[in-house]
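Analysis of the macromolecular model
Each chain, written out:
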Amino acid sequence: MMRMKSTDYKALSVSIVLLLIAICLPWIVGDFALTLAVNMAMFTVLATSWALFSGPTHYISLATAAFFGLGAYTMGLGVDHLPFWLLVILAGLFGAIMAGIIGLATLRLSGVYFVIFTLGLAEMTRQIITYIQNATGQKGILISIWFEESTFYWMLVALAALIFLVGWLIGRSRLGFALRIIGDDEEVARHSGINTALSKVLLFMIPGSVAAMSGAIIAPRYGYIEPLIAFTPMLSFQVVIMALLGGTGRLWGPLAGVIPFSILWELISASFPNQTTLLLGLSFLIIVYLLPQGFVGLLLKIRAKIGDGRGY
Amino acid sequence: MKKRMFLKLSASAALALSIGAVQAAETLKIGAVAPKTGGLAGGAVVSFWPNVKLWAHDVNTRGGLDVGGTKYMVEIIEYDDQTNPGETIKAVQRLATQDKADFILAPYSTGLNIAAAPVYARYGYPMITHTAISDQVEELSNKFPNMYFTLGGASGLAEGVVDVLSAMKANGDIGNRVAMVNVADAFGIELAERAEPSMKAAGFDIVYKTSYPLGTQDLSPVVKGAKDANPDAFVAFSYPPDTFGLTKQAVVESLNVKAFYTAVATAFPAYAGANGAAANNVLGAGGVNADDPDFQAYMKRHEEVTGEKPDFWASGMVYASFQILEQAIEATDSIDRKVVSEYIANNDFDTLMGKISWDENNNNSAYWTVGQWQDGVFKGVASTGREGAVAPRLKQGWE
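This section reports on the structure supplied with the text. (Residues numbered from 1 in each chain as written. Chains lettered and ligands numbered in written order. Predicted model: local features only at pLDDT ≥ 70, side-chain atom pairs only at ≥ 80, totals over all residues. Heavy atoms only, no water.)

Looking at the sheet that holds strand S10 (residues 259-262) of chain B
Residue and element names in this part refer to chain B. If you trace the seven strands from one edge of the open sheet to the other, you get S8-S7-S9-S10-S11-S14-S15, paired in mixed fashion. At either end of the open sheet lies a strand with only one pairing partner, and these are strand S8 (205-212) and strand S15 (377-383). On average, each strand axis in the sheet is tilted by 20° relative to the strand beside it, whichever way the strands run. The sheet contact formed by strand S7 (residues 177-183) and strand S9 (residues 233-237) spans five bridges and is parallel. Residue Val178 lies in a different strand from S9, and its bridge partner there is Ala233. Docked against the sheet, helix H7 (residues 154-170) engages S7, S9, S10, strand S11 (283-285), strand S14 (368-374) and S15, running at close to 55° with respect to S14. (Pairing = 2+ DSSP bridges. Helix = DSSP H or I, 4+ residues; strand = E, 2+ residues; numbered from the N terminus. Axes fitted to C-alpha atoms, helices over the stretch in contact; angles between N-to-C directions. Contact = heavy atoms within 4.5 Å.)

Shown next as structure tokens:
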């Protein structure tokens, strides 16, 4: 049993209050805000789980779309045969297995090679599914079940809560400690007797599994699954951008990126429907120049300055 | 300097006032959501967006929609969904609740329509789709009674090709050797799957069959393989990039067939533009009654107002779907979505594509399936019951 410090209790109670507010949201806000909230919840799930791996290890994974699509197809192909919740769990399992296999094959690669591999992965998975469809002569899959917007939202919030819990536990575990060392200096970690490859593979399974589960949950919302929809590469980039905007140094960092980014994105797409991509690109540039460490970095800097007693 | 500024200001104020006077009529807010970026932007920019502009222009220049004596000008609120169903849902939701749109035009493509259908249903918007192609319309229309289908299904499009080739064979114009290829992606797969058994049943011998991944750059092996099999007809269930690529290769290899068919985007004006004389007598998916004066007038207006040519398949149907909405509003003298929906369900409509009527699944069962480039115009040669089909011609070389 791990011992909890007083700051842990404080963090825990704040988290519970925030979670309760998040749960009550569908009764408070209107339909449109709820649709926005579904998107935010989805990206919170994806970005937080992404940062669990990429934060400490500094490996940039662009494989989110691959796992998301895998989950969406698990739901699409299974929905007429198995219960919904079972398929979500299965999707998570498939995602973890795929991440494990990929991790074993690639996590010995460093830095840029890993980025390129994960980018290729989404495309490869899409091609495999297309190949299977070509062999079976099946087009897009119509998904026969559908939920209310609030149901999608609650499922995603529940998943997000689970990820925060897992992230918190990992942070306190030997694995979390090992990963921080790997992130600082992999060579040192190896010399200290840490099985670096195994630690990275284990952690990589989390975003893989979570992204697949999100894909499975979201699939009925889209109602129709085809490779173009399930494997949109944009998704992988959005997740990375939101996580980095928030900052990956803290568990809540990505959340601090998802919320402002979603609002910004909404403002851009509502006000400038003809220039979305252009304005998005400009926002990235500004973010990278002004907030290299994300909101977390900014906040910590401010706090440090105040702590120094020279808050100017 | 100051005086000039004052003059400028007063001039613009006067202008604003006069515009205000003209637009004293009521406005009807119409939402439009489709890709301007992402995977399907290329198609939407040709077939969808110019029609939105043209329709608003047409309605407003004749003084607006007549709703029981009150004139309603239409105001279009448009959003880019980036070919992403999550964004389509969000944009339609935004139109319904934030912009309080009176009506929302249907989104672009099968997948984006199905994703948005629950939102249309929740707020009671009639959803007259123009580019949703599905063989599962029965299931969809049961689930979404306000959803209508106009462009046809994969079975019909595939059968159309077989019918055209069978007629040529019966005339003794071609033999029974067919090379059939398809792009290994959604629609290409489905068409090939439907066509193969029908081809065999019609007595054709499929002498070459292959598929290639979406985005394949080098299509010369596909065309060379077909050429080696010495076919009488070449059928490709293709997507825009490979429709162009296969035609180019066929010219390079001077593929000697009497019937040459490529699927999606053959009906685009850019196809004739890119291939010049080589496009003549090429068969493709879609078609229109190109000799119909209504359609010709539409083509002319389309080019004048938007600066672009319409395509010879979806463009006309996109505009026709707007006409259905327009006619329902004017006929019921109402902008109440429930009343308008009720009218759409129970009536036939005269559009530039001809008469549109619904079967028990809210589906327009009479649609164009195959067209052919004949001297610069892509004319319908086969349909599931439309008037105005012309006789298909044989392909004679590539010059």
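Next comes the rest of the description.
Some points on the packing of helix H6 (residues 149-172) of chain A against helix H9 (residues 196-222) of chain A
Residues and elements named next belong to chain A. At a minimum axis distance of 10 Å, the contact between H6 and H9 shows a crossing angle of 175°. Of the possible angle classes, the one that applies to H6 and H9 is roughly antiparallel. In this structure, H6 uses Glu149, Phe152, Met155, Leu156, Leu159, Ile163, Val166 and Ile170 to contact H9, whose residues at the interface are Leu203, Ile206, Val210, Met213, Ser214, Ile217, Ile218, Pro220 and Arg221. Of the residues in the contact of H6 with H9, the class split is 14 nonpolar, one polar and two charged. (Parallel < 35°, antiparallel > 145°, perpendicular 65-115°, else oblique. Nonpolar A, V, L, I, M, F, W, Y, C, P; charged D, E, K, R; others polar.)

A look at the layout of surface pockets
For the largest pocket, the calculated volume is near 2000 Å³. Lining the largest pocket are 50 residues, with A:Ser15, A:Phe164, A:Arg250, A:Leu251 and A:Trp252 sitting closest to its centre. Where the lining of the largest pocket is concerned, the elements lending two or more residues are helix H1 (6-28), helix H2 (31-57), H6, helix H7 (174-184), helix H12 (253-271) and helix H14 (294-307) of chain A. When residues in the lining of the largest pocket are grouped by element, the largest group, 13 residues, is from H1(A). Here the lining of the largest pocket is composed, by residue class, of 31 nonpolar, 12 polar and seven charged. Lining of the second largest pocket is provided by 30 residues; of these, B:Leu40, B:Tyr108, B:Tyr239, B:Pro240 and B:Val264 occupy positions nearest its centre. (1 Å grid on protein atoms, 1.4 Å probe; cavity = no way out; pocket = protein on both sides within 12 Å on 5 of 7 lines; lining within 4 Å. Points joined across faces, edges and corners; volume = space filled by probe spheres on them.)

Focus on helix H3 (residues 64-78) of chain A
With 15 residues, H3(A) should cover 21 Å at 1.5 Å per step; its first-to-last C-alpha distance of 21 Å lies within 8% of that length. Buried residues dominate H3(A), accounting for 14 of its 15 residues. (Expected span 1.5 Å × (residues − 1). Buried < 20%, exposed > 50% of the residue type's maximum accessible area, 1.4 Å probe, protein only.)

Concerning empty space enclosed by the protein
According to the stated counting rule, one finds seven cavities of 30 Å³ or more in the structure shown. The calculated volume of the largest cavity comes to roughly 150 Å³. Lining the largest cavity are 15 residues, and of these A:Met42, A:Phe43, A:Tyr222, A:Leu235 and B:Asn84 sit closest to its centre. For the lining of the largest cavity, the secondary-structure elements that each account for two or more residues are H2, H9 and helix H11 (233-246) of chain A together with helix H4 (85-97) of chain B. Considered class by class, the residues forming the lining of the largest cavity number eight nonpolar, five polar and two charged. Empty space within the second largest cavity amounts to approximately 70 Å³. Taken together, the elements giving at least two residues each to the lining of the second largest cavity come down to H2, H11 and H12 of chain A together with H4 of chain B.

As for the interface of chain A and chain B
The interface of chain A with chain B comprises 34 residues on the first partner and 41 residues on the second. Taken over both partners, the interface formed by chain A and chain B buries close to 3300 Å², and the fraction arising from carbon and sulfur atoms is 56%. At the boundary of chain A and chain B, one finds two salt bridges. At the boundary of chain A with chain B, the tally comes to eight residue pairs in polar contact (both at pLDDT 80 or more). When contributions to the side of chain A that touches chain B are tallied by element, the ones reaching two or more residues are H2, helix H5 (111-136), H9, helix H10 (227-230), H12 and helix H13 (276-290) of chain A. For the side of chain A that touches chain B, the element with the highest residue contribution is H5(A), accounting for six residues. (Buried area = accessible area lost by both parts, 1.4 Å probe. Salt bridge = Lys/Arg side-chain N within 4 Å of Asp/Glu carboxyl O. Polar contact = N/O pair within 3.5 Å; in protein donor to acceptor, adjacent residues only side chain to side chain.)

With respect to the sheet that holds strand S1 (residues 26-34) of chain B
Either a parallel or an antiparallel arrangement is found when strands of a sheet pair, and the pairing is made through backbone hydrogen bonds. All names here are of chain B. The strand order across the open sheet formed by four strands is S2-S3-S1-S4, and the pairing between neighbours is mixed. Strands with a single pairing partner mark the edges of an open sheet, and in this sheet they are strand S2 (65-67) and strand S4 (103-104). In this sheet, strand S3 (residues 70-80) lies alongside S1 in parallel orientation, the contact comprising nine bridges. When the sheet's bridge partners are listed, Lys29 is paired in S3 with Glu75.

Quick notes on the packing of aromatic side chains
Residue and element names in this part refer to chain B. Evaluated as defined, the whole model comprises 27 aromatic pairs over all chains. A ring pair is formed by Trp55 and Phe322, whose centres lie 5.7 Å apart and whose planes are at 55°; its orientation type is tilted. Highlighted residues: Trp55 in helix H3 (residues 49-61) and Phe322 in helix H13 (residues 314-332), separated in sequence by 267 residues. Taking relative accessible area as the criterion, Phe322 reaches 1% and is therefore assigned buried. Summarising the aromatic geometry, the rings of Phe295 and Tyr298 are spaced 5.6 Å apart at their centres and angled 50° between planes, so their arrangement reads as tilted. One end of the pair, Phe295, and the other, Tyr298, are both in helix H12 (residues 293-306), three residues apart, so they sit about a helical turn from each other. Like Tyr298, Phe295 is buried. Among the aromatic residues, those joined into a ring-pair cluster are Phe295, Tyr298, Phe312, Tyr319, Trp373 and Phe378. Of note, Arg337 hangs over the ring of Tyr125, and the distance from its end group to the ring centre comes to 3.9 Å. (Phe/Tyr/Trp six-rings, centres within 6.5 Å; stacked < 30°, edge-to-face > 60°. Lys NZ or Arg CZ within 6 Å of the ring centre and 35° of its normal.)

Observations regarding the nonpolar core
Counting residues in each nonpolar core, the largest one holds 111 residues, and the members touching the most others are A:Met42, A:Phe43, A:Phe67, A:Met75, A:Phe204 and A:Ile225. Ranked by the residues each element gives to this core, the list is headed by H2(A), at 14 residues. Those residues in contact with A:Phe67, other than ones at most four positions away along the chain, are A:Gly95, A:Met98, A:Ala99, A:Ile102, A:Leu121, A:Phe204, A:Gly208, A:Ala211 and A:Ala212. Among the nonpolar cores identified, the runner-up in size contains 106 residues, and B:Ala158, B:Phe187, B:Ile206 and B:Ala279 belong to it. (Core = buried A, V, L, I, M, F, W, Y, C linked by side-chain atoms within 4.5 Å.)

The values are spatial; any link to function lies outside them.
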